[in-house]
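Here is what each chain is made of, one letter per residue.
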Amino acid sequence: MSERLFIFDTTLRDGEQVPGCQLNTVEKIQVAKQLEALGVDVIEAGFPVSSPGDFNSVIEISKAVTWPTICALTRAVEKDIDVAAEALKYAKHKRIHTGIGTSDPHIKYKFNSTREEIIERAVAAVKYARRYVDDVEFYAEDAGRTDNEYLARVVEAVIKAGATVVNIPDTTGYCLPDEYGAKIKYLVDHVDGIDKAILSTHCHNDLGMATANTVSGVLNGARQVEVTINGIGERAGNTALEEVAMILRCHKHLNVDTNINTQKIYPTSRMVSSLMNMPVQPNKAIVGRNAFAHSSGIHQDGVLKNVQTYEIINPKDVGIDDNAIVLTARSGRAALKHRLHVLGVEMSQEKLDKVYEDFLKLADKKKDITDDDILVLAGADRNVNHHIKLEYLQVTSGVGVRSVASLGLNISGEHFEAAATGNGPVDAAIKAVKQIIRRQMTLKEFTIQAISKGSDDVGKVHMQVEYDGQMYYGFGANTDIIAASVEAYIDCINKFRK
Ligand code: KIV
Ligand code: ZN
């Protein structure tokens, strides 16, 4: 019988800190319900004191989800803890996650404090949180760079104060796997009362070692891992849930397992990627487009003879179904509804009717509708409240001529038109938009997601625009790549022109 490893999912907190990937409350509830179906034990739903949006999301997720514990993040500050407790009031199982930096750089530069004072603040925060809830997790921020002897003193003190889980974050992604594992082992061996709490890993991926460090932590005694779907998160991201879950399934001899329903991994990955407009790199382990695509002749030959030659995971075990019914213009509402359900998206009849209408329009333009297309269609009404909408776009371009674009925008019900030339069709169209908007903004990033299934496929454009010292993220999807680019640009503008 395997030992149980608890999965603490922080997609909606640490993962959501990625610039431009913020979700609204409705989208967060959708992800939270999917995480529940996936079988995670804890959902970190937000940092309630940080914004009214986060506060509200924690409330609504608490109402929407039954089985997982709902966790809210705080600093070691009474006000934060008060607000977190209030936000968690509807949760069936609740946890407050409080903590403070423990490494010397944090103590000296962030808090201008001393090691002893930090222990006092940590203990006070845990005791204060315990007045509200029985389940309190403490994080020692930058534990990865905290010396083990001092860290052990902090951990011992917070367990004595009532912490039920102690999180050892490698906040900067600095540790080597052996070093991180040794840190967990040191705590297991040196902390009095360690059996009264669960040790948790929380590894960032700055040096590409998040998953290796997490597994090393588990092998040395950690029994909770903090992870995100697709490994999303600030900078290089967090540990990917799907990687840890599948490592433990593949290496059964480790005798540690999770409650994850692995067949829900792929649909959850697609949902998070689609709602956050965050593409998954094609070679991403477990969920990347190429993760199970054998392209070299030798590998194809081997796989055709016996899949065990080159495949350690059956794609079906993570929810990738090559035989999935392909939707076309002849598919009915029921087929669309079923496919949405498989992808983890539930919606009202009214919304389904709208998505079906858009589906038929898209099916007119392209032969086969992919899961990605369906997820984009399902999320499309996120733009309905935008002030600025693209009404029409006409572009002339070619070799040896300068591109010309003319377009019409609807801005809060008023119609505006402009035309511009540029050194390409996108340049011309964006110049035309700028003529109407007249703001000083700079296009910083422009990614067109690869079209993989034929020339009629939907092109997806991700953009980042800098305005007034801030970055704004935009997304557009269209079978016409120029229109997708203009939509993404307008999406950015809508975010600062609220
Ligand atoms: O990386 C980190 O240290 C964190 C803590 C706030 C838990 O995210
Ligand atoms: Zn983190």
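Shown above is the structure to which this text applies.
Below, the structure is looked at part by part. Predicted, not measured: the structure shown is a model, and the values here were computed from it.

As for the site of ligand 1
Every residue close to ligand 1 is listed here: R13, D14, H97, Y139, E141, N167, P169, T171, H202 and H204. Measuring from an oxygen atom of ligand 1, one finds a side-chain N or O atom of D14 at 3.1 Å. Contacts to ligand 1 include T171, whose side-chain N or O atom sits 2.7 Å from an oxygen atom. For ligand 1, whose accessible area on its own is 270 Å², the fraction buried by protein is 92%.

Observations regarding the packing of helix α5 (residues 115-130) against helix α6 (residues 148-161)
In contact at an axis separation of 9 Å, α5 and α6 are set at 25° when each is read in the N-to-C sense. With respect to each other, α5 and α6 are oriented roughly parallel. Taken as a pair, α5 and α6 cross one another with a handedness that is right-handed. Contacts between α5 and α6 involve R115, E116, I118, I119, A122, V123, V126, K127 and R130 on the former and, on the latter, Y150, R153, V154, A157, V158 and A161. Split by residue class, the contact of α5 with α6 holds 10 nonpolar, no polar and five charged.

Describing the packing of aromatic side chains
Per the counting criterion, the structure on display carries four aromatic pairs. Taking the centre distance of 6.0 Å and the plane angle of 85° together, the rings of Y128 and Y132 count as edge-to-face. Their ring planes at 20° and their centres at 4.0 Å tell us that Y467 and F496 sit as a pair that is stacked. Here Y467, found in strand β15 (residues 459-467), pairs with F496, found in helix α16 (residues 481-496); they are 29 residues apart in sequence, far enough to count as distant. Classification of Y467 by relative accessible area gives buried; the value is 18%. By relative accessible area, which is 13% here, F496 ends up buried. Counting every residue linked through ring pairs, the aromatic cluster contains Y467, Y472 and F496. We note K63 situated over the ring of Y90; from NZ or CZ to the ring centre the distance is 4.8 Å.

Conventions and cut-offs
Residues numbered from 1 in each chain as written. Chains lettered and ligands numbered in written order. Predicted model: local features only at pLDDT ≥ 70, side-chain atom pairs only at ≥ 80, totals over all residues. Heavy atoms only, no water. Near = heavy atom within 4 Å. Polar contact = N/O pair within 3.5 Å; in protein donor to acceptor, adjacent residues only side chain to side chain. Areas by Shrake-Rupley, 256 points an atom, 1.4 Å probe, with all protein chains shown as cover. Axes fitted to C-alpha atoms, helices over the stretch in contact; angles between N-to-C directions. Helix = DSSP H or I, 4+ residues; strand = E, 2+ residues; numbered from the N terminus. Parallel < 35°, antiparallel > 145°, perpendicular 65-115°, else oblique. Left-handed = near helix turned anticlockwise from the far one by under 90°. Contact = heavy atoms within 4.5 Å. Nonpolar A, V, L, I, M, F, W, Y, C, P; charged D, E, K, R; others polar. Phe/Tyr/Trp six-rings, centres within 6.5 Å; stacked < 30°, edge-to-face > 60°. Buried < 20%, exposed > 50% of the residue type's maximum accessible area, 1.4 Å probe, protein only. Lys NZ or Arg CZ within 6 Å of the ring centre and 35° of its normal.

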